[in-house]
Amino acid sequence: MTAKVIPYLMMDGNAQEAIQFYEETLEAQVVTNISYEEVPDLPSDELKHLVAHAKLRIGASELMISDSPSTLPVVQGNQVTICISTKDVSQSRRFFEALEKEGKVKMPFQETSFSAACGSLIDKFGVTFLIDTEREG
């Protein structure tokens, strides 16, 4: 089994500022930085200049960051999501379905413009997970 556990920070409109801060303070390297304007499933025009998905490399580790597409405010202290990333859709689906039991789905497990299959949920302990399947290439 190959899976990575990656912290995912959900920001409230200041993801780009956070990315620059982590580049300077943690010597992070930006691997990916996609704005909402660049994704075909743009939630709203108001978000187009915000970060839809960014991946930073810090040493041998990764950190993901995005601005929340939700109209609900991001609560400081509750903005860290655990991202489990695999290269196998069936493995990702197994993780999602197992964590979903007694939990609450935030985003159904599905193919998206940025993932072969992903979904987000809160498990029965109140921990938020994003299950992601990397695209080949």
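Residues numbered from 1 in each chain as written. Predicted model: local features only at pLDDT ≥ 70, side-chain atom pairs only at ≥ 80, totals over all residues. Heavy atoms only, no water.

A description of the pairing of strand E5 (residues 80-86) should follow, citing residues and the corresponding values.
With 5 of 7 residues buried, E5 lies mostly within the body of the structure. Bridge analysis of strand E1 (residues 3-11) against E5 gives 7 bridges, and the strand direction is antiparallel. Looking across to E5, one finds that Tyr8 is bridged to Thr81. When E5 meets strand E8 (residues 128-133), the two strands line up parallel, connected through 5 bridges. Across the sheet, Thr86 pairs through a bridge with Thr133, a residue of E8. (Buried < 20%, exposed > 50% of the residue type's maximum accessible area, 1.4 Å probe, protein only. Helix = DSSP H or I, 4+ residues; strand = E, 2+ residues; numbered from the N terminus. Pairing = 2+ DSSP bridges.)

Describe a negative patch on the surface, with residues and values.
A grouping of Glu37, Glu38, Asp45 and Glu46 is seen on the molecular surface, where their side chains present a negatively charged patch. Tracing the sequence through the fold places Asp45 in the loop between strand E2 (29-35) and strand E3 (51-58). (Patch = residues over 30% accessible without salt bridge, like charges linked within 9 Å, V, L, I, M, F, W, Y side chains within 5 Å. Areas by Shrake-Rupley, 256 points an atom, 1.4 Å probe, with all protein chains shown as cover. Salt bridge = Lys/Arg side-chain N within 4 Å of Asp/Glu carboxyl O. Lys, Arg positive; Asp, Glu negative; His and termini not counted. Charge placed at Lys NZ, Arg CZ, Asp CG, Glu CD.)

Break down the nonpolar core for me, citing the residues and quoting the values.
Judged by nonpolar contacts, Leu9, Met11, Ala15, Ala18, Ile19, Tyr22, Ala28, Val51, Ala54, Leu56, Leu63 and Ile65 together constitute the single largest core of 12 residues. Those elements that provide at least two residues to this core are E1, helix H1 (15-26), E3 and strand E4 (61-67). Aside from chain neighbours lying at most four places away, what touches Leu63 is Ile6, Pro7, Leu9, Tyr22, Ala54, Lys55, Leu56 and Ile58. Counting 8 residues, the second largest nonpolar core, distinct from the first, contains Ile84, Ala117, Leu121 and Phe129. (Core = buried A, V, L, I, M, F, W, Y, C linked by side-chain atoms within 4.5 Å. Contact = heavy atoms within 4.5 Å.)

An account of the pairing of E1 is needed here, citing residue identities and associated values.
Relative to E4, E1 is paired through 4 bridges, and the arrangement is parallel. Following the sheet pairing, Met10 is matched in E4 by Ser66.

Summarise the pattern of salt bridges; cite the residues concerned and give the values.
With the rule as written, the count across this model stands at 6 salt bridges. With a shortest N-O distance of 3.4 Å, Lys4 and Glu62 are connected by a salt bridge. Note that Lys4 is positioned in strand E1 and Glu62 in strand E4, a separation of 58 residues in sequence. What makes Lys4 partly exposed here is its relative accessible area of 32%. Take Glu62: its relative accessible area is 15%, and that puts it in the buried class. For Glu102, the salt bridge is made with Lys124, and the minimal N-O distance between the two is 4.0 Å. You can see Glu102 sitting in the loop between helix H2 (89-100) and strand E6 (104-110) and its partner Lys124 sitting in the loop between strand E7 (117-122) and E8, a full 22 residues away along the chain. A relative accessible area of 69% means that Glu102 is categorised as exposed.

Give me the packing of aromatic side chains: which residues, what numbers.
Across all of its chains, the model carries 2 aromatic pairs by this definition. Ring centres of Phe21 and Tyr22 lie 5.5 Å apart, and the angle between their planes is 65°; on these two criteria the pair is classed as edge-to-face. For the pair Phe96 and Phe109, a centre-to-centre distance of 5.5 Å together with 40° between the ring planes defines the contact as tilted. In this pair, Phe96 is assigned in helix H2 and Phe109 in strand E6, connecting sequence segments 13 residues apart. Grouping residues by exposure puts Phe96 and Phe109 together as buried. (Phe/Tyr/Trp six-rings, centres within 6.5 Å; stacked < 30°, edge-to-face > 60°.)

Pulling in residues and values, what's your account of the side chain of Asp67?
Relative to the helices and strands, Asp67 resides in strand E4. The buried charged residue Asp67 lacks any salt bridge, with Lys106 as its nearest oppositely charged partner at 14 Å. Of note is the side chain of Asp67, whose polar atom sits 2.8 Å from the backbone nitrogen of Gly13. Once residues lying within four places of it in the same chain are set aside, the contact partners of Asp67 are Met10, Met11, Asp12, Gly13, Asn14, Ala15, Tyr36, Leu50 and Val51. (Polar contact = N/O pair within 3.5 Å; in protein donor to acceptor, adjacent residues only side chain to side chain.)

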